[in-house]
Amino acid sequence: MKKFFILFSIFSFYSCAELQQIASEYPMGVTNSEIASGLRQALDNGIDKQVTKLTEENGFYSNQLVRIGLPQELQKVDETLRDVGLDALADEGLKILNRAAEDAVKEATPIFVNAVREITFSDARNILLGSDNAATLYLTNKTEKQLYSSFNPVVKQSLDKVGATEVWRNIITRYNNLPLTNKVNPDLVDYVTTEALDGVYTMIAIEEKEIRENVSARNTALLKRVFSLQD
């Protein structure tokens, strides 16, 4: 009987320790379901608040964090055009690239919504207790390929719609005709598509960081309960 009592005490001790660990991980009775719902709510807020901004006119062009500049192969083009007084032409080329990104991002919301809905209980806990951009990385892994496939034709159509082909042909032709320049011919559609994707994830990461670090940004009772776990 004495041995049984000792074994029972040891078992009870470790059971209590485990229960205390669980309690520390889930304060105030926060459940796995609530964690998943809270993360979905946070991501939905980020998509609605930040990604929507990018679809507005100058959503990319006026935002220094995501503004699309020229690809590396064409940086010299921009500098040379401005050096010879063709600033307006250079600006026009940049605006066209950013307009194409704004058009493309309009395709993103339904894809993000589906990805957010697919967050599992296991995903939710790992995301919540992960790095500051864990939710953004989750969305990136889940949506990047599909978004690229959706963005690419929209970017091409947008560039064609505003006569970008002619604008860039004019820019590159005039640059290539300048003495002592290396001839360039980049794939602008692929470049703008990739830059648009980077811009989207950048803005979601900003919102995620805000919710993680700024208690006042947790604007619902659920967000406050869930994100208290990672404070």
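Our subject is the structure listed above.
Residues numbered from 1 in each chain as written. Predicted model: local features only at pLDDT ≥ 70, side-chain atom pairs only at ≥ 80, totals over all residues. Heavy atoms only, no water.

Draft legend 1. Focus on the environment of Leu-39. Considering the arrangement of structural elements, one finds Leu-39 in helix H2 (residues 32-54). Residue class for Leu-39 comes out buried when judged on its relative accessible area of 2%. Sequence separation between Leu-39 and Ala-135 is 96 residues; the distance between their C-alpha atoms is 7.9 Å. Contact partners of Leu-39, with chain neighbours within four places excluded, come to Ala-124, Ile-127, Leu-128 and Phe-227. (Helix = DSSP H or I, 4+ residues; strand = E, 2+ residues; numbered from the N terminus. Buried < 20%, exposed > 50% of the residue type's maximum accessible area, 1.4 Å probe, protein only. Contact = heavy atoms within 4.5 Å.)

Draft legend 2. Focus on the pattern of salt bridges. For the structure on display, the rule yields seven salt bridges. Residues Arg-99 and Glu-57 are paired through a salt bridge, measuring 3.8 Å at the closest nitrogen-oxygen approach. Of this pair, Arg-99 sits in helix H4 (residues 87-105) while Glu-57 is found in the loop between H2 and helix H3 (72-83), placing the two residues 42 residues apart along the sequence. Between Lys-156 and Asp-160 there is a salt bridge, with the nearest N and O atoms lying 3.2 Å from each other. You can see Lys-156 and its partner Asp-160 sitting in helix H7 (residues 134-161), four residues apart, about one turn around the helix. (Salt bridge = Lys/Arg side-chain N within 4 Å of Asp/Glu carboxyl O.)

Draft legend 3. Region of the structure containing the packing of aromatic side chains. Inspection of every chain in the model, using the stated rule, returns one aromatic pair. Relative to Tyr-201, the ring of Phe-112 lies with its centre 6.1 Å away and its plane at 75°, an arrangement referred to as edge-to-face. On the criterion of sequence distance, the pair formed by Phe-112 in helix H5 (residues 108-117) and Tyr-201 in helix H9 (residues 188-213) is long-range, its members being 89 residues apart. In this structure Phe-112 comes out as buried when scored by relative accessible area, which is 0%. (Phe/Tyr/Trp six-rings, centres within 6.5 Å; stacked < 30°, edge-to-face > 60°.)

Draft legend 4. Local environment of the environment of Ala-217. Assignment of secondary structure puts Ala-217 in the loop between H9 and helix H10 (221-227). With ten residues separating them along the chain, Ala-217 and Glu-207 place their C-alpha atoms 9.1 Å apart. Here Ala-217 is in contact with Glu-210 and Ile-211, once residues within four sequence places are set aside.

Draft legend 5. Structural detail: the side chain of Thr-136. Structurally, Thr-136 is set in helix H7. In this structure Thr-136 comes out as buried when scored by relative accessible area, which is 5%. Aside from chain neighbours lying at most four places away, what touches Thr-136 is Tyr-201, Ile-204, Ala-205 and Glu-208.

Draft legend 6. Representation of the nonpolar core within the structure. Ranked by internal contacts, the top residues of the largest apolar core, which has 65 residues, are Phe-112, Phe-151 and Trp-168. In terms of residues, this core owes the most to one element, H9, which gives eleven residues. Those residues in contact with Trp-168 that lie beyond four places of it in its chain are Leu-70, Leu-74, Gly-93, Leu-97, Thr-173 and Leu-188. (Core = buried A, V, L, I, M, F, W, Y, C linked by side-chain atoms within 4.5 Å.)

Note that all results are geometric; they support no functional claim without further evidence.
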